[in-house]
Amino acid sequence: IGWTGRGVYRGVTRVAVYTHPPKESSPHIRQVVRRLIQEAQKVVVAIVMDLMTDLQIIQDLLDASSRRRVAVYAVLEASGVPHFLDMCCRLQVNATHLRNLRVRTVGGTGLALSFGKLPGSLCSKYMLVDGEKVAFGSYSFTWSSTRLDRNTVTVMSGQTVDFFDTDFRELYAVSEHVDLYREFNITKPPEPAPEPAPAAAPIVKPVEPIRPLPVSTSRFQVSVNDSRQVDLKVPAHKYHNPKYSLVFGNSRGLTGSLQDLSTTKDSPVQNLHPSKDEDVSPESLGSPAEEEDEEEGKGGLKK
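In this text, all values refer to a predicted model and were calculated from it rather than measured experimentally. Each chain carries its own residue numbering, running from 1 in the direction its sequence is written. Where totals are concerned, whole chains, interfaces and linings use all residues; where local detail is concerned, this predicted model gives features only for residues with pLDDT of at least 70, and gives and counts side-chain atom pairs only at 80 or more. Calculated side-chain values reflect all of the structure's heavy atoms, with hydrogen atoms and water omitted.

1. Focus on the nonpolar core
In this description, a nonpolar core means a group of buried Ala, Val, Leu, Ile, Met, Phe, Trp, Tyr and Cys residues linked to one another through side-chain atoms lying within 4.5 Å. Exposure categories follow from relative accessible area, calculated using a 1.4 Å probe and restricted to protein chains: below 20% of the type maximum is buried, above 50% is exposed, and the middle band is partly exposed. In this structure, Met52, Met127 and Phe141 are the most contacted members of the largest nonpolar core, which totals 41 residues. Every residue pair with non-hydrogen atoms within 4.5 Å of one another is taken to be in contact. Aside from chain neighbours lying at most four places away, what touches Met52 is Ile47, Ile58, Leu61, Ala74, Leu76, Phe84 and Phe141. Grouped together as the second largest cluster of nonpolar side chains are 16 residues, Tyr73, Tyr126, Val161 and Phe164 included.

2. Remarks on the packing of aromatic side chains
The aromatic pairing rule takes the rings of Phe, Tyr and Trp, using the six-membered ring of Trp, and pairs them if the centres are within 6.5 Å, calling planes under 30 degrees apart stacked, those over 60 edge-to-face and the rest tilted. Inspection of every chain in the model, using the stated rule, returns seven aromatic pairs. For the ring pair Tyr73 and Tyr172, a centre distance of 5.5 Å and an interplane angle of 90 degrees mean the geometry is edge-to-face. Highlighted residues: Tyr73 in strand S3 (residues 71-77) and Tyr172 in helix H6 (residues 161-174), separated in sequence by 99 residues. Since its relative accessible area comes to 23%, Tyr172 is described here as partly exposed. Seen from their ring centres, Phe163 and Phe164 are 5.5 Å apart, and the 85 degrees between their planes marks the pair as edge-to-face. Take Phe164: its relative accessible area is 11%, and that puts it in the buried class. One aromatic cluster in this structure is built from Tyr126, Phe136, Phe163 and Phe164. Positioned above the aromatic ring of Tyr172 is the side chain of Arg104, whose terminal nitrogen or guanidinium carbon lies 4.7 Å from the ring centre. Only DSSP runs of H or I reaching four residues or more are called helices, and only runs of E reaching two or more are called strands; each is numbered from the N terminus. In this scheme, the term charge over a ring applies when either NZ of a lysine or CZ of an arginine sits within 6 Å of the ring centre and within 35 degrees of the ring normal.

3. Digging into the environment of Val17
Note on placement: Val17 falls in strand S1 (residues 14-20). Placed 118 residues apart in sequence, Val17 and Ala135 show a C-alpha to C-alpha distance of 9.4 Å. Those residues within four positions of Val17 in sequence are excluded, and the remaining contacts are Val153 and Thr154.

4. Points about empty space enclosed by the protein
Definitions used throughout: a 1 Å grid over protein atoms alone; a cavity as a set of points that fits a 1.4 Å probe which cannot get out; a pocket as an open set with protein on both sides within 12 Å along at least five of seven lines; a lining residue as one with an atom within 4 Å of a point. Grid points are joined across faces, edges and corners, and a volume is the space filled by probe spheres set on the points. With the rule as written, the count across this model stands at two cavities of 30 Å³ or more. The volume enclosed by the largest cavity comes to roughly 60 Å³. Lining the largest cavity are Val33, Met49, Lys125, Tyr126, Met127, Ala135, Phe136, Gly137, Tyr139, Phe141 and Val153. Among the elements of the structure, strand S7 (126-129) and strand S8 (133-137) are those that each provide at least two residues to the lining of the largest cavity. Sort the elements by how many residues they give to the lining of the largest cavity and S8 lands first, with three residues. Approximately 40 Å³ is the volume attributed to the second largest cavity. The biggest single contributor to the lining of the second largest cavity is helix H2 (residues 55-66), with three residues. Under the scheme applied, nonpolar residues are Ala, Val, Leu, Ile, Met, Phe, Trp, Tyr, Cys and Pro; charged residues are Asp, Glu, Lys and Arg; polar residues are all the others, including Gly. Residues that form the lining of the second largest cavity fall into these classes: seven nonpolar, no polar and no charged.

5. Comments concerning the pairing of strand S4 (residues 101-106)
Here S4 lies mainly inside the structure; five of its six residues are buried. One requirement defines pairing of two strands: DSSP has to find at least two bridges between them. Of the pairings in the sheet, the one linking S3 to S4 comprises six bridges and is parallel in character. Note on S4: the bridge partner recorded for Tyr73 is Arg102. Looking at chain direction, S4 and strand S10 (residues 176-177) are connected through two bridges and run antiparallel. Across the sheet, the residue bridging to Thr105 is Glu176, located in S10.

6. Concerning the sheet that holds S7
Taken in spatial order, the eight strands make up an open sheet running S1-S9-S8-S7-S2-S3-S4-S10, and their pairing is mixed. A strand with exactly one partner marks an edge of an open sheet, and here the two such strands are S1 and S10. All axes are obtained by fitting lines to C-alpha atoms, using only the stretch in contact for helices, and the reported angles, taken between N-to-C directions, cover 0 to 180 degrees. In the packing of H6 onto the sheet, contacts are made with strand S2 (44-49), S3, S4, S7, S8, strand S9 (151-157) and S10, and the angle to S7 comes to roughly 110 degrees.

Put into structure tokens, the structure is as follows:
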């Protein structure tokens, strides 16, 4: 539910010591502890305590977890957990208070002997606030320690807080979880569903224009559209034949397109077919009578 970052320089170490009974104009040690809890605004309040039954301190912890949404961790001595649960029932704890509250229990290391193991107890007493300050000493969060016993509390800030930060992580790792919802018969609220990721905008690919396939299927052909713009020539190496060279007058055996030969000005075929622009005089054309006389003359010679 949240923790402070590590590896950050926390500044110069500062120390303040408070006692009970208070000396001179110093505040009461319970007021010092409550002020630290009420000033927690950032991340976390972590408590390691043998016994915690002071109603005012517990109420401050519940307000911090429910109203300011500060993560509150408590590692308690195993024998002191029932007393803590009894005090919470008197304060009418509900599901809102337990949302950011975690309680765990741990004992001492103990001593293993031949006949069995001697149990130990948790005697550490300190409180971390926002990873910046730590309060530790002989003071327990109980009414008797506040009113009857002699105690001291030391409040430190700065780089020394890293030592208590590491120690709390180790205790929290070896401790056992206390299910507060089951202890108080409270229905555990469902965990909020993760927010769905925003749908990505569809990627619209540009539509490429469909290019028409060329009509030509051979390297000797061209498409229909290109045939209107260029002067087509029949390849000489495909259609060239010596007999066509004689017809078109290519006596030198030049290779090229037949259309080149047909359009040559010196070609005799072109001279055989006069153009439309040339005028044909009637004198150049013989009369039918003269043609018949010539044929009769040729016949007489044959006879």
